[in-house]
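# Analysis of the macromolecular model
Each chain is listed here by its residues.
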There are 2 protein chains.
Amino acid sequence: MSVKKSNIKDISKVTGLSVSTISRVLNGKAKQYRISEKTQEIVFKVAEELDYVPNQVARNLKLGKTKTIALIVPSLSNPFFANMAAQVSIELQKTGYITLISDSNENEEIEREELTQIVSRNVDGILISPCGNYGDHIDRVRSLGIPLVCFDRYYANLEIPYVSTDNFWGASEGARYLVEHGHKRIACIQGSKQSVPNEVRRKGFEEVMKQKGISDFTVTGSEFTVQNGYTETLLLLQKLVKPTAIFSFSNTIALGCIKALKEFDLRIPEDISLLTFDNHPYLDYLSVPLTSIAQPVNDICKIAIKLLFSLINKEELSTNQVLLRPKIILRKSVNSIS
Amino acid sequence: MSVKKSNIKDISKVTGLSVSTISRVLNGKAKQYRISEKTQEIVFKVAEELDYVPNQVARNLKLGKTKTIALIVPSLSNPFFANMAAQVSIELQKTGYITLISDSNENEEIEREELTQIVSRNVDGILISPCGNYGDHIDRVRSLGIPLVCFDRYYANLEIPYVSTDNFWGASEGARYLVEHGHKRIACIQGSKQSVPNEVRRKGFEEVMKQKGISDFTVTGSEFTVQNGYTETLLLLQKLVKPTAIFSFSNTIALGCIKALKEFDLRIPEDISLLTFDNHPYLDYLSVPLTSIAQPVNDICKIAIKLLFSLINKEELSTNQVLLRPKIILRKSVNSIS
DNA sequence: CAAAACAGAACAATCGTTTGTTCTGTTAGA
DNA sequence: TCTAACAGAACAAACGATTGTTCTGTTTTG
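Conventions and cut-offs
- Each chain carries its own residue numbering, running from 1 in the written order of its sequence.
- Note on labels: chains are lettered from A, ligands numbered from 1, in written order.
- Where totals are concerned, whole chains, interfaces and linings use all residues; where local detail is concerned, this predicted model gives features only for residues with pLDDT of at least 70, and gives and counts side-chain atom pairs only at 80 or more.
- Neither water nor hydrogens contribute to the side-chain values; these are computed over all heavy atoms in the structure.
- We call a residue near a molecule or strand when any one of its heavy atoms sits within 4 Å of it.
- Polar contacts here mean pairs of N or O atoms no more than 3.5 Å apart (in protein, one a potential hydrogen donor and the other a potential acceptor; neighbouring residues in sequence count only if both atoms are side-chain atoms).
- Strands are runs of DSSP state E lasting at least 2 residues, helices are runs of H or I lasting at least 4, and numbering of each runs from the N terminus.
- Three classes are used, and their members are as follows: Ala, Val, Leu, Ile, Met, Phe, Trp, Tyr, Cys and Pro are nonpolar, Asp, Glu, Lys and Arg are charged, and the others, Gly among them, are polar.
- Each reported salt bridge corresponds to a side-chain nitrogen of Lys or Arg within 4 Å of a carboxyl oxygen of Asp or Glu.
- When a residue's accessible area, from a 1.4 Å probe over protein chains only, is under 20% of the maximum for its type it is buried; when over 50% it is exposed; and in between it is partly exposed.
- For this overlay, a least-squares fit was computed on C-alpha atoms, restricted to residues scoring pLDDT of at least 70 in both copies.
- By definition in these notes, contact holds between two residues if any of their heavy atoms fall within 4.5 Å.
- Either an automatic procedure or a domain database provided the assignment from which the domain bounds are taken.

## Description of the protein's contact with DNA strand D
As a matter of local geometry, DNA strand D sits amid 28 residues, with I8, S23, K29 and R59 of chain A together with T39 of chain B nearest to it. Here the atoms of DNA strand D within 4 Å of the protein split so that 55% fall in sugar or phosphate, with bases taking the remainder. S23 of chain A is positioned such that a nitrogen or oxygen atom in its side chain is 2.5 Å from a phosphate oxygen of DNA strand D. For the surface near DNA strand D, the secondary structure elements donating two or more residues are helix 1 (8-15), helix 2 (19-26) and helix 4 (56-63) of chain A together with helix 2 (19-26) and helix 4 (56-63) of chain B. Grouping the constituent residues of the surface near DNA strand D by class yields 9 nonpolar, 11 polar and 8 charged.

## A short note on the pattern of salt bridges
This structure, assessed with the given rule, holds 26 salt bridges over all chains. Between D271 of chain A and R267 of chain A there is a salt bridge, and its shortest N-O distance comes to 3.1 Å. Ionic pairing is found between R112 of chain B and D136 of chain B, a salt bridge with its closest N-O pair at 3.1 Å. Residue R112 of chain B is found in helix 6 (residues 108-120), and its partner D136 of chain B is found in helix 7 (residues 136-143); the two are separated by 24 residues along the sequence. A relative accessible area of 24% places R112 of chain B in the partly exposed class. Among the charged side chains, a network of salt bridges with common partners joins E106, D152 and R153 of chain A.

## Section: the relation of the copies chain A and chain B
When chain A is brought onto chain B, the operation consists of a screw motion whose angular component is 180° and whose axial shift is 0.0 Å, with 0.1 Å RMSD remaining. When the rotation and shift are considered jointly, the pair of chain copies conforms to a two-fold rotation axis. When each C-alpha of chain A is compared by its distance to the rotation axis, S287 of chain A comes out closest, at 1.5 Å. With an isologous cut-off of 70% or more, the 100% of interface residues of chain A that recur at the interface of chain B puts this contact in the isologous class.

## Observations concerning the domain arrangement of chain A
According to the domain assignment, chain A consists of domain 1 (8-54), domain 2 (65-165 + 297-325) and domain 3 (167-295). For domain 1 of chain A and domain 3 of chain A, the distance between their C-alpha centroids amounts to 63 Å.

Structural data, given as structure tokens:
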């Protein structure tokens, strides 16, 4: 029943040729080492017959390359990162690479452990959306000479290449959009303060509030979760004077908002407007289609991969810190008020 | 800048001990090979100092084990599989395993290639939700002695262990639920006919139609996609006599239904009822919360992993083909009609 | 015709571990 | 005092590939 996998030695035994010759033929180095056509044919034929597939583990040990990229995200169940993972996996597939995946569960400790695991597996490169405040473990990996690119989340103070959304611009645009629609009492519900994108968004938002001379705004919240959106919205609704618009910093937070608003029988956008970061196919089908600031997920992935491969190939990077502008997708959750 | 990773030889050089001794200490086999306490201390200390992490690739080559599990799904961007992936990744993490992920993109050819890649990497086990009609490539992997478990989708005719939803029961219950709410014209929109779950669901549905003496039903559609749901719903709405209820076989299909219904200004459930397979956090927030047949994703993952580890540990399996009952989550998309 | 040149393939070291076996002292027993 | 027993550690062969080097004939050249 259990047919053992065949290896290069099996081919050697069957053909009577040495393993080195076989290896060379199979790696297309026949010309270079002047191996005869006839020998090549034999090798290919027998390899085929034996259903030979090179043992990558052995190959990797010798070559120091694994044709493997690791992807570390804070939460695979978050559609945003799931999409990233899908993209990356499919993109890497095309180049013969395979993807190791790790969900750090927004836990820096786990992230550290997984990173160690991954490094010990000699991956050729790492794509990571780190979840913590400190990047020392990441920087150590980089100083080990392992190509690494951050995406979405990053460390502004470290010299680690990253690709992310221009969150300042996005948040500014979002804030302006609200203000220009007449909103003067705006509540922002943010995510994790440990996350650079969150901080940048907050700054962008606050900057516009200042520019526009709006003082009646709040920034609350602490996590990129439905629960956080729900809780913070409930708190907002307890206030005597309610905000006219909520600016949510993630799709998950927005869901929480919707839930809370529904419980209070408040309509979007008639009673309160809602603008959120992150796009998702579902947004079109919600009770009220949400106007959202769509991050260029595709481009972020593609560029992150491109940078990573540049590092792997030891090419010079012209830029290694990239910010891409998001796009505001207008739906129906923001009302014009006078 | 680039500090090289240290290996067991470096420790050997620093301590003056042989690599075998160091390996034994580090693997907790000191007692067994009577290595003195003092020597152990030295080894641990130096290993720590050198920031030593064993090279898994070398270890794997020697041991034939990689502490790696591969997960192959038809589409990571489908929330259903993304959730699976998140679950699996986190679950495996706990046992020191790491997850290789592959998105076959509903393409059997890609699935084959990825499978080859994965096998060549000596993974310890494979979890797969196969996307094709034929399981020969899967069976070949199994006959290679590589532990493999199918989940969600499987091959009923092959002796490959699987864990899935009791789709017959789920579809029957769903169908009964509709009939008992007075529906007599029911349109079923199915997904891929290549998928066993789809076929089983269809049979469950048709069985109930027969039992209940309902002849005015249809089964159409061909893909688990939004587009398919959209198209098929549009077609249904062209008919002179429209169905009173639509039974969608996936969350993606349901989204397509909603889109089409919206375009026709039809309300759910007043004008037409909608029942769907798959649950998702978003379903609660849709314009009308969808009543759904929730697959026990968590349990499927846990059991699939359990089976896989049984295979890995060469334990006897009492059962290796498991079907778990889904749960109908009542929301508001199905109307009672008289 | 001897030596050089070359074609064609084998040899052997290596990657970083693990592990069965062997080696070297010291201690205990007779 | 001699040997057996044992503690403590080193040796060396794998695992399956890759690759610089060497080997063996045959052909070409002067």
